[in-house]
Amino acid sequence: MKEDHTVEVMQKKVAIIGLGFVGLPLSMMFVRKGFHVIGIDYDSRKISAIQQGKSYIQDLSDSDIAEAVQSGRWQVSADYAALSGADTVIICVPTPLSPDNSPDLSYLTDTCSRLAPLLTPGQLVVIESSTYPGTTREVVLPLLEKSGLRIGQQLYLGYSPERIDPGNKSISFSDIPKIISGITADCERKLYAVYSQVFEQVVTVSTTEAAETAKLLENSYRFINISFINEFAQLCDRLNVNVWEVIKAAATKPYGFSAFYPGPGVGGHCIPVDPLYLQWKAAQAGITSRFIELSQQVNDSLPAYLADRIEQELPGRKRLAGARILVYGVTYKPDIADVRESAALPIINTLLHRGAAVDYHDPYIPHIKLEDGSKLQGIELTGERLKQADCVLICMNHEVMPGDLIIKHSRFIFDTRHSLSVNPADHPITGKLVTFGDGTTIG
Ligand SMILES: NC(=O)c1ccc[n+]([C@@H]2O[C@H](COP(=O)([O-])OP(=O)(O)OC[C@H]3O[C@@H](n4cnc5c(N)ncnc54)[C@H](O)[C@@H]3O)[C@@H](O)[C@H]2O)c1
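Residues numbered from 1 in each chain as written. Predicted model: local features only at pLDDT ≥ 70, side-chain atom pairs only at ≥ 80, totals over all residues. Heavy atoms only, no water.

## Focus: the site of the ligand
Here is step 1 of the chain: Around the ligand there are 27 residues in total, and Val 22, Asp 41, Lys 46, Tyr 80 and Thr 95 lie nearest to it.
Here is step 2 of the chain: Asp 110 places a polar side-chain atom, nitrogen or oxygen, 3.0 Å from a nitrogen atom of the ligand.
Here is step 3 of the chain: Thr 111 is positioned such that a nitrogen or oxygen atom in its side chain is 3.0 Å from a nitrogen atom of the ligand.
Here is step 4 of the chain: Protein contact buries 94% of the 830 Å² of open area that the ligand shows by itself.
Here is step 5 of the chain: Sort the elements by how many residues they give to the shell around the ligand and helix H4 (residues 106-115) lands first, with three residues.
Here is step 6 of the chain: Of the residues contributing to the shell around the ligand, the split by class is 13 nonpolar, seven polar and seven charged. (Near = heavy atom within 4 Å. Polar contact = N/O pair within 3.5 Å; in protein donor to acceptor, adjacent residues only side chain to side chain. Areas by Shrake-Rupley, 256 points an atom, 1.4 Å probe, with all protein chains shown as cover. Helix = DSSP H or I, 4+ residues; strand = E, 2+ residues; numbered from the N terminus. Nonpolar A, V, L, I, M, F, W, Y, C, P; charged D, E, K, R; others polar.)

Dropping the structure here:
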């Protein structure tokens, strides 16, 4: 890592392309730090929402958006022409998987192709989308140089992985250390000049590949550890040991142990996706990560495991075929309206395959798309609905989850997240409660 940077001339006009879970909070932060920000998103619904002072992500309120718009330092548009005059262009577009689990860089390459003809000498372009090592140099650089401008001479390019954690209220965005890297030393200096004005700590690495890989290491680490604890929970289920108690005890060790917790599976746009970007790149070099492969297998096997456990525990020795299951929470993490790669979706599809009738309730998600392409509409959560279900399956524990209502009316609750810590004296449950990895049954 290098230190002792010469801070370049203050750069104060930033364009941010892709105003989603990453780009919107990032825009707000730049505005708050006194920058002029031009936001570009080809989804015109997002552009009109911002212009009307409406937020479409939970971490930001309508008044946050309205205040930033009223500052006069935030313009948004669906038209790339609006970004002319920006000193820096930051790209935060999606990097999902293709159906064959290989990287889908189409959003990124599309953005670069639209951007290239508009670039002007002296501009800095930064990629923040998560991606495999080599993307910035091998994919982005040639597309941007179609502008006729040479990277490191008339145009500057770098990579800075985005580490935001939507819904996390314990750390402010600007306090998350920001990793930066440039294609050349001048590129790196340009990134430092911009990001050091916004983030408390800037961490410079020597190549864009190192910065790209750091992000993939962070998310592979989470993927492997969460998959491990989910396998461990299955083991505890069998051994009649309470995994939650075991983790709590192990976590008292002051060094050498980081707690991870069981759940219905790994979800989201990052954790189950980024390790496969790494795996794909490794395969190009003739190597593969067996840890990632195994974690994927464990993760993929969870829906079948959970369906089996529910069937074993269904009151009255009922089978899943013909049973009515009500799922609470279908997002990939609490209090975030995002179902991308959510573990609840393969579980619901598995239950349907096994002949169960499935309803769901999620305060943030009005409907979901099933594997066969059909739409499943969410239902209201009422005492009557809970009573009618043979099993209430908790896949996600949103802060607003009405635990008491669920406990009071459900005949059988299967809790994958240890979200109902029930003291029978405080909450006499009428039915039965099984917690994933708990090894015991209440009721
Ligand atoms: N969501 C997270 O928690 C998170 C955290 C860290 C990193 N990341 C990474 O950041 C990147 C963005 O993720 P996100 O969650 O913000 O995605 P998102 O889908 O919420 O937002 C992306 C936005 O980009 C827009 N877009 C796509 N292609 C475009 C184009 N060519 N021109 C203009 N706009 C375009 C979309 O309309 C969308 O609004 C991904 O690479 C992701 O892996 C996400």
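Still to come is the rest of the account.
## A short note on the nonpolar core
Here is step 1 of the chain: Within the largest apolar cluster, 115 residues are counted, with the highest numbers of intra-cluster contacts made by Phe 30, Trp 74, Leu 144, Ile 325 and Leu 393.
Here is step 2 of the chain: Taken together, domain 1 (13-206) and domain 2 (218-443) each give at least three residues to this core, which thus spans both.
Here is step 3 of the chain: Trp 74 has contacts with Leu 24, Ser 27, Met 28, Val 31, Val 37, Gly 39, Ile 50, Ile 65, Ala 68 and Val 69, leaving out every residue within four places of it along the chain.
Here is step 4 of the chain: Core analysis: the second largest hydrophobic core is formed by 15 residues, Ala 389, Val 392, Met 401 and Leu 420 among them. (Core = buried A, V, L, I, M, F, W, Y, C linked by side-chain atoms within 4.5 Å. Buried < 20%, exposed > 50% of the residue type's maximum accessible area, 1.4 Å probe, protein only. Domains from an automatic or database assignment. Contact = heavy atoms within 4.5 Å.)

## Brief notes about the environment of Gly 53
Here is step 1 of the chain: For Gly 53, the location among the structural elements is in the loop between helix H2 (44-51) and helix H3 (62-70).
Here is step 2 of the chain: As a C-alpha pair, Gly 53 and Ile 65 span twelve residues in sequence and 5.2 Å in three-dimensional space.
Here is step 3 of the chain: Those residues within four positions of Gly 53 in sequence are excluded, and the remaining contacts are Asp 62, Ile 65 and Ala 66.

## As for the packing of helix H5 (residues 135-144) against helix H7 (residues 208-239)
Here is step 1 of the chain: As a packed pair, H5 and H7 sit with axes 8 Å apart at the nearest point and diverge in direction by 115°. The orientation of H5 with respect to H7, classified from their angle, is roughly perpendicular. Counted together, Thr 135, Thr 136 and Arg 137 of H5 and Thr 208, Glu 209 and Glu 212 of H7 form the full contact between these two elements. (Axes fitted to C-alpha atoms, helices over the stretch in contact; angles between N-to-C directions. Parallel < 35°, antiparallel > 145°, perpendicular 65-115°, else oblique.)

## Remarks on H5
Here is step 1 of the chain: Burial analysis of H5 places seven of its ten residues in the buried class, which makes it a mostly covered element.
Here is step 2 of the chain: Among all positions of H5, only Thr 135, Thr 136, Val 139, Val 140, Leu 141, Leu 143 and Leu 144 are buried.
Here is step 3 of the chain: Of the surrounding secondary structure, the elements contacted by the buried residues of H5 are H4, strand E5 (124-127), strand E6 (156-159) and H7.

## Observations concerning the sheet that holds E5
Here is step 1 of the chain: With respect to topology, eight strands assemble into an open sheet ordered E3-E2-E1-E4-E5-E6-E7-E8, the strand pairing being mixed. At either margin of the open sheet sits one strand with a lone partner, and together these are strand E3 (74-77) and strand E8 (202-204). Across this sheet, the average inter-strand angle for adjacent strands is 25°, counted without regard to direction.
Here is step 2 of the chain: Each of E5 and E6 is contacted by H5, which is oriented at about 150° to E6, the strand it contacts most. (Pairing = 2+ DSSP bridges.)

## Observations regarding the domain arrangement of the protein
Interfaces are frequently sized by the accessible area removed from exposure as the parts join.
Here is step 1 of the chain: Examined at the domain level, the protein breaks down into domain 1 (13-206) and domain 2 (218-443).
Here is step 2 of the chain: The partner domain 2 presents 19 residues to the 23 residues of domain 1 that form the contact.
Here is step 3 of the chain: Summed over both partners, the interface of domain 1 with domain 2 buries about 1700 Å², with 59% contributed by carbon and sulfur atoms.
Here is step 4 of the chain: Taken as a group, Phe 21, Gln 58 and Leu 97 account for 31% of the area that domain 1 buries against domain 2, more than any other trio of residues on that side.
Here is step 5 of the chain: Taking the shortest distance from any N to any O, the salt bridge between Arg 163 and Glu 218 comes out at 2.6 Å. (Buried area = accessible area lost by both parts, 1.4 Å probe. Salt bridge = Lys/Arg side-chain N within 4 Å of Asp/Glu carboxyl O.)

## Observations concerning helix H11 (residues 344-353)
Here is step 1 of the chain: For H11, the tally of buried residues reaches seven of ten residues, placing the bulk of the element in the interior.
Here is step 2 of the chain: Along H11, the positions that sit buried rather than exposed are Ala 344, Leu 345, Ile 347, Ile 348, Asn 349, Thr 350 and Leu 351.
Here is step 3 of the chain: Buried residues along H11 sit in contact with helix H10 (290-313), strand E9 (324-328), strand E10 (357-361), strand E11 (367-369), strand E12 (375-377) and strand E13 (391-394).
Here is step 4 of the chain: Two residues or fewer after H11 comes Gly 355, characterised by a positive phi angle close to 95°.

## Topic: the UniProt feature "transmembrane region" (unreviewed entry) in the protein
Here is step 1 of the chain: Within this structure's numbering, the places UniProt gives as "transmembrane region" (unreviewed entry) are residues 14-31.
Here is step 2 of the chain: The distance separating the terminal C-alpha atoms of residues 14-31 is 9 Å; by composition the span is 50% helix and 22% strand. (UniProt positions renumbered as here; feature names shortened; annotations may be inferred.)

## Regarding the side chain of Thr 95
Here is step 1 of the chain: Within the secondary structure, Thr 95 is located in the loop between strand E4 (88-91) and H4.
Here is step 2 of the chain: Assessed through its relative accessible area of 4%, Thr 95 is described here as buried.
Here is step 3 of the chain: Reaching out from Thr 95, the side chain makes a polar contact with the backbone oxygen of Ser 130 at a distance of 2.7 Å.
Here is step 4 of the chain: Residue contacts for Thr 95: discarding those within four places in its chain leaves Asp 104, Leu 105, Ser 129, Ser 130, His 269, Val 273 and Tyr 277.

## Observations regarding a nonpolar patch on the surface
Here is step 1 of the chain: Taken together, Leu 235, Leu 239, Val 241 and Val 246 make up a surface patch of nonpolar side chains, about 310 Å² in accessible area.
Here is step 2 of the chain: Inspection of the secondary structure puts Leu 235 in helix H7. (Patch = residues over 30% accessible without salt bridge, like charges linked within 9 Å, V, L, I, M, F, W, Y side chains within 5 Å.)

## Topic: the confidence of the model for the protein
Here is step 1 of the chain: Mean pLDDT over the protein works out to 93, with 95% of the residues at or above the 70 mark.
Here is step 2 of the chain: Low pLDDT, under 50, characterises residues 1-9; the stretch is placed with 14 contacts to residues that sit more than four places away or in other chains. (pLDDT = per-residue confidence, 0-100.)

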